[in-house]
Protein chains: 2
Amino acid sequence: MRLHGYFRSSAAWRERIALNLKGIPVEHEFRHLRHGRQRTPDYLRLNPQGLVPALETDDGAVLTQSMAICEYLEETHPEPPLLPGPPLNRARIRAFAQVIACDIHPVQNLKVLARLRAMSFPEEEVTGWARWVIQDGLEACEALLEGGEGPFCFGAAPTLADICLIPQLGNALRFGAELGGLTRINAVAHACADHPAFIAAAPERQADAD
Amino acid sequence: MRLHGYFRSSAAWRERIALNLKGIPVEHEFRHLRHGRQRTPDYLRLNPQGLVPALETDDGAVLTQSMAICEYLEETHPEPPLLPGPPLNRARIRAFAQVIACDIHPVQNLKVLARLRAMSFPEEEVTGWARWVIQDGLEACEALLEGGEGPFCFGAAPTLADICLIPQLGNALRFGAELGGLTRINAVAHACADHPAFIAAAPERQADAD
C-alpha cells in the first residue's frame, strides 16, 4: 500500500497510527501542503478533493477520507481491532472519533483558517477561532470519556478514538488551547506517548518533517 | 427507540432517512435549536455536546453523532444495507458520506455561522461563506460519483451516501449555492424525491416544522 500524506496533517497522522497499530507495511508519498503538492495534476487524478491522506491499495484502488480509510483497514485487517466490542461500544468509540473528525478538525484546518485570513481577519482572531473550536470540542470529548476505564480512551488498548485524539492534541498545542482541566484526555495522551505505534507516527519522525 | 431531533437539522434528517429505509419505528422528541431546547439540563445529561441528533435505544443507551448512529443502525439492523458490497465499495460510500459529514456540513452549520456574525461579519459574507463551503464540497462529491451507475449515488438502491447528500442539498438551496453543473448529483436528487423513505423524512413533513 502507498499512503499519500503530509507530516503535519492530522488526517494523515491518523492513518499512520492505524497502519502502525495493525502492523501493515506502507510506502509513504509526501505531499507538502504549503508547497501545493496536493494540487498537482497527478494527485488530483487520485483524489479530486486535493486533500491528504489518500491510500493506494495493493490492487491499485485509491481510497480517500481518513475515517473511511480507517474503517476499510478495520474490515480488511481486523486484528487488533480499532472498534472492539458489541455495536453499542463501537458506536461510542465512533461518536468520540467523530466529534474530532467532524466537529473539530474540519472547522480549524488550514483551508478554513486561510479563508478567515483572506477575509481580512487579524492573525490573533484566526488563532482565537482555532482555539475556540478545539477547546469546545475537546471538552465534549472529555465528557464522553467520563466514568470509563483507561489508560486509553476506551479501555486497555488504543482504538479509533485514540487515533483521532492524539493528532488533534497536536493541533491544540500549536494553537495554545487550554487543556488543563481535561483530566481523562491528558491521561490518555500520556499513555499514547509511550506506545510504539503512536511514537512512530509522530509528525517530527516523518521523512518530510521540516 | 426515541430520536431527539429538529426538523431543519441536516444531521437529524440523515437519521430520519436511515430509520425509514430500515423500517425501524421511532418516537420523535423535538429540540428546537433556535429556542435553545438542545441546551436544557435534561438534554445535556443525554448529550453533553448539546447537539442533535441523539438516539435513545430500546435498552436505554444514548447514542450521539449522526454517522456513528447510522453505523449502529447498520450493524443492528443490517437489511436493507446502507453500506452494501465488499470493503472497497463500502469505503467509497463512506468517503462520499464523509466529504459531506466532515468537510461540508460542520463548516457551514448554525454554530459556525453564528460565530462569524458575532465577529461582525456582514450577513452577505456569512451567506457567501456557506455557499463557498457547499459548492466546493459538492463539486468534490460530483467527482466521486463519476462513471458510477445510478439512479442513486452508488447504484440501484439508496446508501449512506444518499442519506448524507439529500439534507446537504437542502442546505445548498437555503444558501443559494450554484448546483447547475452537478449532473449526477441532480439526477440522484430526482431519484430520492420519489422514494418514500426520503419523502417522509423531509423537514416540512415533521411535526415541529414552522
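Predicted model only: the values in this text are computed from it and were never measured. (Residues numbered from 1 in each chain as written. Chains lettered and ligands numbered in written order. Predicted model: local features only at pLDDT ≥ 70, side-chain atom pairs only at ≥ 80, totals over all residues. Heavy atoms only, no water.)

## Focus on the domain arrangement of chain A
All names here are of chain A. If you check the domain split of chain A, you get domain 1 (2–80) and domain 2 (87–198). Of the residues lining the interface, 15 residues belong to domain 1; the matching set on domain 2 comes to 20 residues. Summed over both partners, the interface of domain 1 with domain 2 comes to about 1500 Å²; 67% of that surface belongs to carbon and sulfur atoms. There are 1 salt bridge connecting domain 1 and domain 2. Between arginine 94 and glutamate 71 there is a salt bridge; the shortest N-O distance is 2.7 Å. Linking domain 1 with domain 2 are 4 residue pairs in polar contact (both at pLDDT 80 or more), by the criterion used here. Elements that contribute at least two residues to the side of domain 1 that touches domain 2 include exactly helix H1 (10–22) and helix H3 (66–76). Element by element, the count of residues in the side of domain 1 that touches domain 2 is highest for H1, at 8 residues. Of the residues assigned to the side of domain 1 that touches domain 2, the class counts are 8 nonpolar, 2 polar and 5 charged. (Domains from an automatic or database assignment. Contact = heavy atoms within 4.5 Å. Buried area = accessible area lost by both parts, 1.4 Å probe. Salt bridge = Lys/Arg side-chain N within 4 Å of Asp/Glu carboxyl O. Polar contact = N/O pair within 3.5 Å; in protein donor to acceptor, adjacent residues only side chain to side chain. Helix = DSSP H or I, 4+ residues; strand = E, 2+ residues; numbered from the N terminus. Nonpolar A, V, L, I, M, F, W, Y, C, P; charged D, E, K, R; others polar.)

## Details of the side chain of Arg14(A)
Residues and elements named next belong to chain A. Mapping arginine 14 onto the fold places it in helix H1. Despite its burial, arginine 14 pairs with no opposite charge; the closest candidate is glutamate 15, at 6.4 Å N-O. For arginine 14, the residues in contact, after removing those within four places along its chain, are Ser66, Met67, Ile100, Ala101, His105, Ile163, Cys164 and Pro167. (Buried < 20%, exposed > 50% of the residue type's maximum accessible area, 1.4 Å probe, protein only. Lys, Arg positive; Asp, Glu negative; His and termini not counted.)

## Notes on the packing of aromatic side chains
On inspection of all chains with the given rule, the structure shows 8 aromatic pairs over all chains. With 5.9 Å between their ring centres and 85° between their planes, Phe96(A) and Phe154(A) make a pair best called edge-to-face. Residue Phe96(A) is located in helix H4 (residues 87–104), and its partner Phe154(A) is located in the loop between helix H6 (123–145) and helix H7 (160–174); the two are separated by 58 residues in the primary sequence. Overall, Phe96(A) belongs to the buried group, its relative accessible area being 0%. For Phe154(A), a relative accessible area of 22% translates into the label partly exposed. Here Tyr6(B) and Phe7(B) contribute two aromatic rings whose centre-to-centre distance is 5.0 Å and whose plane-to-plane angle is 70°, an arrangement assigned as edge-to-face. There is no split in this pair, since Tyr6(B) and Phe7(B) are both buried. Each member of the aromatic cluster is reached from another via a ring pair, and the members are Trp129(A), Trp132(A), Trp129(B) and Trp132(B). Directly above the ring of Trp132(B) sits Arg115(A), whose terminal nitrogen or CZ lies 4.1 Å from the centroid. (Phe/Tyr/Trp six-rings, centres within 6.5 Å; stacked < 30°, edge-to-face > 60°. Lys NZ or Arg CZ within 6 Å of the ring centre and 35° of its normal.)

## With respect to the sheet that holds strand S2 (residues 27–30) of chain A
Residue and element names in this part refer to chain A. Taken in spatial order, the 4 strands of this open sheet run S2-S1-S3-S4, and their pairing is mixed. Only two strands of the sheet have a single neighbouring strand rather than two, namely S2 and strand S4 (62–64). With direction set aside, neighbouring strand axes in the sheet form an average angle of 20°. Note: strand S1 (residues 2–5) against S2, 4 bridges, orientation parallel. Within S2, the residue paired with arginine 2 across the bridge is glutamate 27. H1 contacts S1 and S2 of the sheet and is inclined by roughly 150° relative to S1. (Pairing = 2+ DSSP bridges. Axes fitted to C-alpha atoms, helices over the stretch in contact; angles between N-to-C directions.)

## Re helix H1 (residues 10–22) of chain B
All names here are of chain B. When the terminal C-alpha atoms of H1 are compared, their 19 Å separation across 13 residues agrees well with the 18 Å that a helix rising 1.5 Å per residue should span. Burial runs high along H1: 12 of the 13 residues are buried. Buried residues in H1 make contact with strand S1 (2–5), strand S2 (27–30), helix H3 (66–76), helix H4 (87–104), helix H7 (160–174) and helix H9 (196–201). A side-chain oxygen of the first residue of H1 lies 3.3 Å from the backbone nitrogen of alanine 11; this N-cap is serine 9. Just downstream of H1, glycine 23 is the residue with a positive phi angle, here 65°. (Expected span 1.5 Å × (residues − 1).)

## Considerations on the interface of chain A and chain B
Many analyses report the size of an interface as the accessible area lost when the parts associate. At the junction of the two partners, chain A supplies 41 residues and chain B supplies 41 residues. Together, the buried faces of chain A and chain B total about 3800 Å²; carbon and sulfur atoms form 66% of this surface. Counting the surface chain A buries against chain B, the share from its top three residues, Glu75(A), Arg115(A) and Trp132(A), is 14%. Where chain A touches chain B, the interface holds 8 salt bridges. Counting the contacts that link chain A with chain B gives 14 residue pairs in polar contact (both at pLDDT 80 or more). Elements with a contribution of two residues or more to the side of chain A that touches chain B: S4, H3, H4, helix H5 (110–118) and H6 of chain A. A total of 12 residues in the side of chain A that touches chain B trace back to one element, the largest contributor, which is H4(A). Of the residues that constitute the side of chain A that touches chain B, the class distribution is 25 nonpolar, 6 polar and 10 charged.

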